[in-house]
Structure formats: C-alpha cells, structure tokens
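Spelled out, the chains give:
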Amino acid sequence: DVKLKVKAHKVHADISLGIGAGKLKAVLNSDIYKNGMYDAAFAAVGNDVYVGEIINQVDVKNILSGLPVHIDLFVKARGKDMSEIMQTITGPVLVYSTDRGFAHADLVEYMYGGDFLTTLRHSVEDMFTGNKRDMIEIDSAIVNVKLRDGLIETQNGVAVQTKVINMRLAGSLDLGKEKIQ
C-alpha cells in the first residue's frame, strides 16, 4: 500500500509494505528546488521483516534464511544527484534481529574463508563431529550506526552472534566515495 502526494516541487509518500509476516511503514518528504537541489527526509519502522526472504526476492540464493529484524531509521540528505545525496545522508539507523536465522553455504564459506587448508580442516571435523558447516544458526544480529555526512563509522555498532563464531565489525563506510576501511 503506497500513498503518494506530489505538488509542484514537493513529494510526500506514505509507504506500508507487508514483507512475509512482517510489516514496514515508511514516510518520505522531499522538496525539489528550481536550481535542481533535492532535500529529503526518510523515516521507516519495520517489525518482523525477514532478511532471508528479502534476499531471496532479489534472486540471491544460498546466503541466508529467516532472521526477522526490527528496523528503525530516520535519515536526511540533500544534493543535485545521487552522489551528492549519498555524501550528505545523515541520521540514526538501528536494525536488530528479533529471532534466529540461518547462514547458508555461500555465506558460511565467506565467513570461514574458502582456502584449501580451511576447507580440508572443516571436512575432517565434520566427519568426526557430525556437524555440517553448510549452514550456521544465527542467534542474533544488530546494526546500530549513525550516518554523518555520508560516512558510517563504528567500533561496536555491527555484531553477529552464532554458536560457532561471533563477529563485531569496526571501521567506516563512505557512501559518497564508495570506500570501505
């Protein structure tokens, strides 16, 4: 369900989506000025939005299943093109899992690495323990970051907990320059 109002240089959109068992509600307000400058504010709240289902819908297979999340974000940006908009995007983003999910073979290989010795070690372990590393249960995941002028910096704001491996990410992502550190 999408409601859209457009007046000569103003856009207001109310968006309500059902994604599997979950719901996402969002609002977009924007102004487009005569000089081509675009101001936008976007807010979204979602409950039980299944990340695995979204990934499957964009035809990416063997990565993730399940993992319902809560989404809460409010961002603002301005610019004349997508590059300028991404360089100015600012606001908080919070996404956290509300139940478990599963990382599948391609994602597991990425987390563990796919070199010969690692694969051989895991195969030998699997023979003796009966565990299969083609799927790992994800107990919880969280992304809690603030965007400032197109830059996401975090020391502890991104984490994933599984029974096999726990990960915390530290670093930065520059959306304007498309650069990760």
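Further up the page is the structure itself.
Residues numbered from 1 in each chain as written. Predicted model: local features only at pLDDT ≥ 70, side-chain atom pairs only at ≥ 80, totals over all residues. Heavy atoms only, no water.

On to the overall build of the protein chain. Of the regular secondary structure elements, the protein chain holds four helices and twelve strands. Across the 181 residues that make up the protein chain, the buried fraction comes to 29%. Pairs at least 24 apart in sequence give 49% of the contacts found in the protein chain among residues at least 6 apart. As presented, the protein chain carries roughly 11800 Å² of accessible surface, and 58% of it is formed by carbon and sulfur atoms. (Helix = DSSP H or I, 4+ residues; strand = E, 2+ residues; numbered from the N terminus. Buried < 20%, exposed > 50% of the residue type's maximum accessible area, 1.4 Å probe, protein only. Contact = heavy atoms within 4.5 Å. Areas by Shrake-Rupley, 256 points an atom, 1.4 Å probe, with all protein chains shown as cover.)

Moving on, we get to the pairing of strand β11 (residues 166-174). In this sheet, β11 lies alongside strand β10 (residues 151-162) in antiparallel orientation, the contact comprising eight bridges. Looking at the pairing, alanine 159 lines up with arginine 168 of β11. The turn linking β10 back onto β11 is made up of three residues. (Pairing = 2+ DSSP bridges.)

Right, let's talk about the environment of serine 140 for a bit. Mapping serine 140 onto the fold places it in strand β9 (residues 135-148). Setting aside its immediate chain neighbours within four residues, serine 140 contacts Ser97, Ala159, Val160 and Gln161.

Sheet topology places strand β3 (residues 22-32) next to strand β4 (residues 38-50); ten bridges connect them, and they run antiparallel. Across the sheet, leucine 28 pairs through a bridge with phenylalanine 42, a residue of β4.

Of all hydrophobic cores here, the largest spans 24 residues; its most connected members are Leu67, Ile71, Leu73, Ile89, Val93 and Leu147. Mapped onto this core, the elements with two or more residues apiece are β3, β4, β6 (68-79), β9 and β10. Top contributing element to this core by residue count: β6, with five residues. Apart from the residues lying within four places of it in its own chain, the contact partners of isoleucine 71 are Leu24, Ala44, Val45, Gly46, Val49, Leu94 and Val95. (Core = buried A, V, L, I, M, F, W, Y, C linked by side-chain atoms within 4.5 Å.)

With that out of the way, let us pick up the pattern of salt bridges. Applying the stated rule across the entire model yields five salt bridges. Between aspartate 39 and arginine 78 there is a salt bridge; the shortest N-O distance is 2.8 Å. Taken together, the positions of aspartate 39 in strand β4 and arginine 78 in strand β6 put the pair 39 residues apart, joining distant regions of the chain. For arginine 78, a relative accessible area of 41% translates into the label partly exposed. The closest approach of N and O atoms between aspartate 139 and lysine 163, which form a salt bridge, is 3.2 Å. One end of the pair, aspartate 139, is in strand β9; the other, lysine 163, is in the loop between β10 and β11, with 24 residues separating them in the sequence. Owing to a relative accessible area of 58%, lysine 163 belongs among the exposed residues under this scheme. (Salt bridge = Lys/Arg side-chain N within 4 Å of Asp/Glu carboxyl O.)

Tracing the chain through its elements places serine 97 in strand β7 (residues 91-97). Those residues within four positions of serine 97 in sequence are excluded, and the remaining contacts are Leu67, Pro68, Val69, Asp139, Ser140 and Ala141.

We now examine unusual backbone geometry. Residues other than glycine seldom take positive phi values, yet aspartate 48 does so here, at roughly 55°. Judged by its relative accessible area of 36%, aspartate 48 is partly exposed. In this structure, aspartate 59 is a non-glycine residue whose phi angle is positive, near 65°. In this structure, aspartate 59 sits in the loop between α1 (51-57) and β5 (64-66).

On to the environment of aspartate 174, then. The topology assignment puts aspartate 174 in strand β11. Classification of aspartate 174 by relative accessible area gives buried; the value is 18%. Considered as a pair, aspartate 174 and arginine 148 are 26 residues apart in the sequence and their alpha carbons are 9.7 Å apart. Only 3.0 Å separates the side chain of aspartate 174 from the backbone nitrogen of glycine 176, close enough to count as a polar contact. (Polar contact = N/O pair within 3.5 Å; in protein donor to acceptor, adjacent residues only side chain to side chain.)

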